[in-house]
Amino acid sequence: MKKLFFLSLILLTTAFWSRAQTSLLTVAEKSGFESTANYRDVQNFIEELTRLSKNIRVESIAKSIEGRDVPLLVIGNPLPSSPADLTTDKRIVVYIQANIHAGEVEGKEASLMLARDLVSGLNNEILKNVVVLICPNFNPDGNEAISTKNRTNQNGPKNGVGLRYNGQMLDLNRDAIKLESPEMTGLIRNVLLKWDPSVLVDCHTTNGSYHEEPVTFTWMMNPAGNRALINYMRDNMMPAVSGILTDKYNVLNCFYGEFTDLKNPENGWISYASEPRYLTNYMGVRNRLAILNENYVYADYKSRVLGNYGLLHSILDYSSSHSDEIKTMLKKVDMQTINRGSDPAIIDSFPIQYEVKPTPEKIKVRAYEVDVVTDAEGRERLQKSNRKKLVNAPYLADYFPAKSVSLPYAYLIKLSDPAIVNLLVKHGIKVEKLTQSATLEVEMFKITELKPADRLNQGHYTNTVKGVMQKDTVEFLPGNYVVRMAQPLANLAAYMLEPETNDALILWNYFDRYLVPQWGRGFYAYPVYRLMKKTELQTLPYLED
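The following paragraphs examine the structure supplied in this document. (Residues numbered from 1 in each chain as written. Predicted model: local features only at pLDDT ≥ 70, side-chain atom pairs only at ≥ 80, totals over all residues. Heavy atoms only, no water.)

### Comments concerning helix 10 (residues 301–321)
With 21 residues, helix 10 extends 30 Å between its outermost C-alpha atoms, agreeing within 8% with the 30 Å of an ideal straight helix rising 1.5 Å per residue. Taking burial as the measure, the 21 residues of helix 10 include 19 buried ones, the bulk of the element. For helix 10, the side-chain oxygen to backbone nitrogen distance between the N-cap and Lys302 is 3.3 Å, and the N-cap itself is Asp300. (Helix = DSSP H or I, 4+ residues; strand = E, 2+ residues; numbered from the N terminus. Expected span 1.5 Å × (residues − 1). Buried < 20%, exposed > 50% of the residue type's maximum accessible area, 1.4 Å probe, protein only. Polar contact = N/O pair within 3.5 Å; in protein donor to acceptor, adjacent residues only side chain to side chain.)

Here it is as structure tokens:
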């Protein structure tokens, strides 16, 4: 099967080379899949692409902390001059991102190969229905630290790879909510808010269980997103993409996860990262489709790059052939979200805690059995054997609410500090300011326990908070902020403002100075109030300071 896959890739690339410059190869291709590109290699390749075709333009997502550009390739036929050109266009936008962790490099190489083949005219059918955005090097500062000392467990490339973190020593795939990096802030502003992609693909490399499949992937799964979109990915798009990748591109693949018990793999295969701090789940909470790609760390480098290339093609193949369906579905979900928030019913709720359950279908994984060995210090270790085993296991990837709260009509923020609301606005959440005083019956969160973590996490001693909701009558003054739920990003706003979610702003310390008195015991009221009933409020739009 691997030979057939390599043959199909050779035929694809040969078809392009016969029409274009044979010298336009990625670093991976030129080195016989021994090396990966540095920053200048990527930039030079992009410059060559722009000379080949009128169907590509380069924009900038951000400047990194160390001053490097984070490039965005816009590819279309015809090429839109701006997102406004797509207002009445049938095409959807698909955004492909690689190298968010710069030690996980095959997406960088595969996405550049894909860009080359798209602008060459090799994939005319795709560009009839899709505008493709590609960021091949999202973490350029981490990428410039290429060394053979990084990710030493990874099977190639021989010249080494970059670092996981960016120039601030932040993990960019934990920054989707707090937006403390220029890269993630730029992604929201210059990709999500500007181009509103229907589908996002985020390319990574695994660190998990042993198996044969060189490519794994899964979908956004946080239950605060629209359930119909999660089910669509689970039941329709992802199985179809897997089939295309197998049948058309001859790549072994399975959905991403890890065995819950390596000794007894039949017990379960779990995809555990469900918080919206992770980019794919963040996209789901924004009511868009998102795919997490995890290429198998122990597969050889060439198989990972070519397998990743095949996956990206498979996703574009499906997105192109189902563009009308996807566009209609997302528009419907946006309207449902707005209508729900305009006058929430008693049954309208928002999850603040959730639990994982098996998907309706089990998953097949081509695994390796493990042996129990004892190391020099007498500790038990698990070691991969050469014995292959086809495992049929429950796929633990369906997350459902375990605890929910009623969805409010609006949140009111009784603070004058603009830092918090500016963050909401950066995400695209609509915020208003009261122009007249209003005395309102609201729900307030009374804190009973607030504890910081013992260890720093991304520069934060993240909070654990407990408390109870109480009804109260509160006077709100002109200048206090209002976040209504009748907006497309209501789910994201609620996730950030509800105090008990696992990515709330209170968790990330945004409210710390307002919660504890300087002297004495107890806590101040959490300064975000829930207005439950539809109420006429005199407001004006708030613009970021």
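### Digging into unusual backbone geometry
In the segment running from Asn77 into Pro78, the intervening peptide bond is cis, with an omega of 5°. Position of Pro78 among the secondary structure elements: in the loop between strand 2 (69–75) and strand 3 (92–97). For the bond from Gly156 to Pro157, the omega torsion is 5°, close enough to zero to count as cis. Note on placement: Pro157 falls in the loop between helix 6 (140–143) and helix 7 (182–195).

### Brief notes about the pattern of salt bridges
What the rule picks out here adds up to 38 salt bridges. Glu125 is the salt-bridge partner of Lys128, the closest N and O atoms lying 2.9 Å from each other. Highlighted residues: Lys128 and Glu125, both in helix 5 (residues 124–129), separated by 3 residues, approximately one helical turn. Overall, Lys128 belongs to the partly exposed group, its relative accessible area being 45%. Judged by relative accessible area, Glu125 falls into the exposed class, the value being 53%. Taking the shortest distance from any N to any O, the salt bridge between Asp398 and Arg234 comes out at 2.6 Å. With Asp398 in strand 14 (residues 395–406) and Arg234 in helix 8 (residues 227–247), this residue pair connects regions lying 164 residues apart in the sequence. Assessed through its relative accessible area of 2%, Asp398 is described here as buried. Through salt bridges with shared partners, one network takes in Glu104, Arg151, Arg164, Asp171 and Arg174. (Salt bridge = Lys/Arg side-chain N within 4 Å of Asp/Glu carboxyl O.)

### Digging into the packing of aromatic side chains
Counted by the stated rule, this structure contains 13 aromatic pairs. Centroid distance Phe476 to Tyr529: 5.4 Å. Interplanar angle 80°. Geometry classified as edge-to-face. You can see Phe476 sitting in strand 18 (residues 463–476) and its partner Tyr529 sitting in strand 20 (residues 528–531), a full 53 residues away along the chain. Judged by its relative accessible area of 0%, Phe476 falls in the buried class. (Phe/Tyr/Trp six-rings, centres within 6.5 Å; stacked < 30°, edge-to-face > 60°.)

### Structural notes on the pairing of strand 13 (residues 380–393)
Judged from the 11 bridges that link them, strand 12 (residues 363–374) and strand 13 form a sheet pairing that is antiparallel. Across the sheet, Val372 pairs through a bridge with Leu382, a residue of strand 13. The turn linking strand 12 back onto strand 13 is made up of 5 residues, and Gly378 within it adopts a positive phi angle of 85°. (Pairing = 2+ DSSP bridges.)

### Considering the pairing of strand 19 (residues 481–484)
Alternating positions in strand 19 separate into two faces, Tyr481 and Val483 on one and Val482 and Arg484 on the other, with burial throughout. With 2 bridges joining them, strand 16 (residues 432–434) and strand 19 adopt antiparallel strand pairing. Bridging from a neighbouring strand, Lys433 pairs with Tyr481 of strand 19.

### A few points about the sheet that holds strand 10 (residues 289–295)
What the 8 strands build is an open sheet, ordered 1-2-4-3-5-10-6-7; its pairing is mixed. Unpaired on one side and paired on the other, strand 1 (56–63) and strand 7 (253–255) mark the two borders of the sheet. Within the sheet, the average angular offset between the axes of one strand and its neighbour, ignoring direction, is 20°. Packing against the sheet, helix 3 (residues 39–52) makes contact with strand 1 and strand 2, and its axis sits at approximately 25° to strand 2. Its contacts with the sheet place helix 4 (residues 106–119) against strand 1, strand 2, strand 3, strand 4 (130–135), strand 5 (199–205) and strand 10, and it is angled at close to 145° to strand 4. (Axes fitted to C-alpha atoms, helices over the stretch in contact; angles between N-to-C directions. Contact = heavy atoms within 4.5 Å.)

### Let's talk about helix 4
For helix 4, spanning 14 residues, the distance from its first C-alpha to its last is 20 Å, which sits close to the expected 20 Å at 1.5 Å a residue. Phi turns positive, to about 90°, at Gly121, one or two residues after helix 4.

### Here's the deal with the nonpolar core
Soluble globular proteins tend to pack their nonpolar side chains together in the buried interior. One finds Ile61, Tyr95, Phe138, Met237, Leu289, Leu424 and Val483 to be the most contacted residues of the largest nonpolar core, which totals 145 residues. Looking at which element gives the most residues to this core, the answer is helix 10, with 9 residues. Excluding residues that lie within four positions of it along the chain, Ile61 makes contacts with Val70, Pro71, Leu72, Tyr95, Cys135, Phe138, Glu183, Gly186, Leu187, Asn190 and Val191. (Core = buried A, V, L, I, M, F, W, Y, C linked by side-chain atoms within 4.5 Å.)

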